[in-house]
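Understanding the architecture of this molecule
Read off the chains here:
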Amino acid sequence: MRFLISLLMSVLLSSTALAAASAPPSSDDEGSSGGSGNRFLMLFSSGNENEDEYVEEEDDPRSFTMPAVVAPLAENGRLTGFAYVLVRMRVAQGHDVWRMQENTHYALDLMTRTAFREDLSTEDGQALNREAAVAAWSQALGEYYGAGAIETLEIRSFDVRLFAR
């Protein structure tokens, strides 16, 4: 008997919930846009001139952004800080994007080891030398993934944390 009562109650409650979910919102729940009152739109401007270019690249199925790479910064062999670098990679046509993306942790390790082996900082040790970093990382990743597997490698941004002098 209890089973029948619980079954009846669950059917009754589920049909009530279904009817409430499919009902159109009342006029006092609507916002100025005519939709649900708790929806909102936030727009941010990155201040970048190439914003449209970045939007197109974000939709590119052959591109992905890697996790942050840590690169040491040095001046005359003395450690001055670290750069945390975001790198975007575009895979060349004919190569398996998913395999490359699944092995990102190996590529990240390789890029970090390369950054510690080669000096990728500017002469004053205050920033990352973008050209040197892209060249070193492109060569290392080309050896790992295979020649011609990477179409482009670009540094999107980097954050520098310097030690106190």
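As a starting point, this report considers the structure included with it. (Residues numbered from 1 in each chain as written. Predicted model: local features only at pLDDT ≥ 70, side-chain atom pairs only at ≥ 80, totals over all residues. Heavy atoms only, no water.)

With that out of the way, let us pick up the overall build of the protein chain. If you tally the helices and strands in the protein chain, you get five helices and four strands. When its helices and strands are written in sequence order, the protein chain yields α-α-β-β-β-α-α-α-β. Carbon and sulfur atoms make up 55% of the accessible area of the protein chain, which totals about 11,600 Å². (Helix = DSSP H or I, 4+ residues; strand = E, 2+ residues; numbered from the N terminus. Areas by Shrake-Rupley, 256 points an atom, 1.4 Å probe, with all protein chains shown as cover.)

Further remarks concern the side chain of S121. Secondary-structure assignment places S121 in the loop between α4 (104-117) and α5 (130-145). Here A74 takes part through its backbone oxygen, which lies 3.0 Å from a polar atom of the side chain of S121. Within the structure, S121 has its side chain in polar contact with the side chain of D119 (distance 2.7 Å). Among all residues touching S121, those that are not within four sequence positions of it are P72, L73, A74, A127, L128 and N129. (Polar contact = N/O pair within 3.5 Å; in protein donor to acceptor, adjacent residues only side chain to side chain. Contact = heavy atoms within 4.5 Å.)

In this section: the nonpolar core. In this structure, M89, L128, W137, L141 and Y145 are the most contacted members of the largest nonpolar core, which totals 27 residues. Excluding its chain neighbours within four sequence positions, the residues that come into contact with L128 are A71, L73, A83, V85, L120, S121, T122, A133, I155 and F158. (Core = buried A, V, L, I, M, F, W, Y, C linked by side-chain atoms within 4.5 Å. Buried < 20%, exposed > 50% of the residue type's maximum accessible area, 1.4 Å probe, protein only.)

With that out of the way, let us pick up α5. Taking 1.5 Å per residue, 16 residues should reach 22 Å; α5 reaches 21 Å between its end C-alpha atoms and fits that length. Taken as a whole, α5 has its buried residues at A133, A136, W137, A140, L141 and Y145. Burial along α5 is one-sided: seen end-on, the buried residues are contained in an arc of 145°. In α5, the exposed positions that point more than 90 degrees away from the buried face belong to E131, Q139 and E143. (Expected span 1.5 Å × (residues − 1). Arc of directions from axis to C-beta.)

The next thing to look at is the packing of α4 against α5. Relative to each other, α4 and α5 sit at 140°, their axes nearing to 10 Å. One finds that α4 runs oblique with respect to α5. As α4 runs across α5, the sense of the crossing is right-handed. On the side of α4, the interface is formed by T104, Y106, A107, L110, M111, T114 and A115, while α5 contributes A136, W137, A140, L141, Y144 and Y145. Looking at the contact of α4 with α5 residue by residue, the classes come out as eleven nonpolar, two polar and no charged. (Axes fitted to C-alpha atoms, helices over the stretch in contact; angles between N-to-C directions. Parallel < 35°, antiparallel > 145°, perpendicular 65-115°, else oblique. Left-handed = near helix turned anticlockwise from the far one by under 90°. Nonpolar A, V, L, I, M, F, W, Y, C, P; charged D, E, K, R; others polar.)

Here T104 shows up in helix α4. Each C-alpha atom, one on T104 and one on T65, is 9.7 Å from the other, the two residues being 39 residues apart in sequence. Filtering out sequence-adjacent residues up to four positions away, T104 remains in contact with F64, M66, P67 and Y145.

Summed over all chains, the structure comprises three aromatic pairs. When the centroid spacing of 6.4 Å and the interplanar angle of 40° are considered together, the rings of F82 and F116 count as tilted. With F82 in strand β3 (residues 78-91) and F116 in helix α4, this pair connects stretches of sequence that are 34 residues apart. Look at F82 and F163: their rings are 5.9 Å apart centre to centre, the planes differ by 85°, and that puts the pair in the edge-to-face class. Of this pair, F82 sits in strand β3 while F163 sits in the segment after β4 (150-162), and the two are 81 residues apart along the sequence. The exposure class assigned to F163 is partly exposed, which follows from its relative accessible area of 43%. Here a set of aromatic residues connected by ring pairs shows up, and it is made of F82, F116 and F163. (Phe/Tyr/Trp six-rings, centres within 6.5 Å; stacked < 30°, edge-to-face > 60°.)

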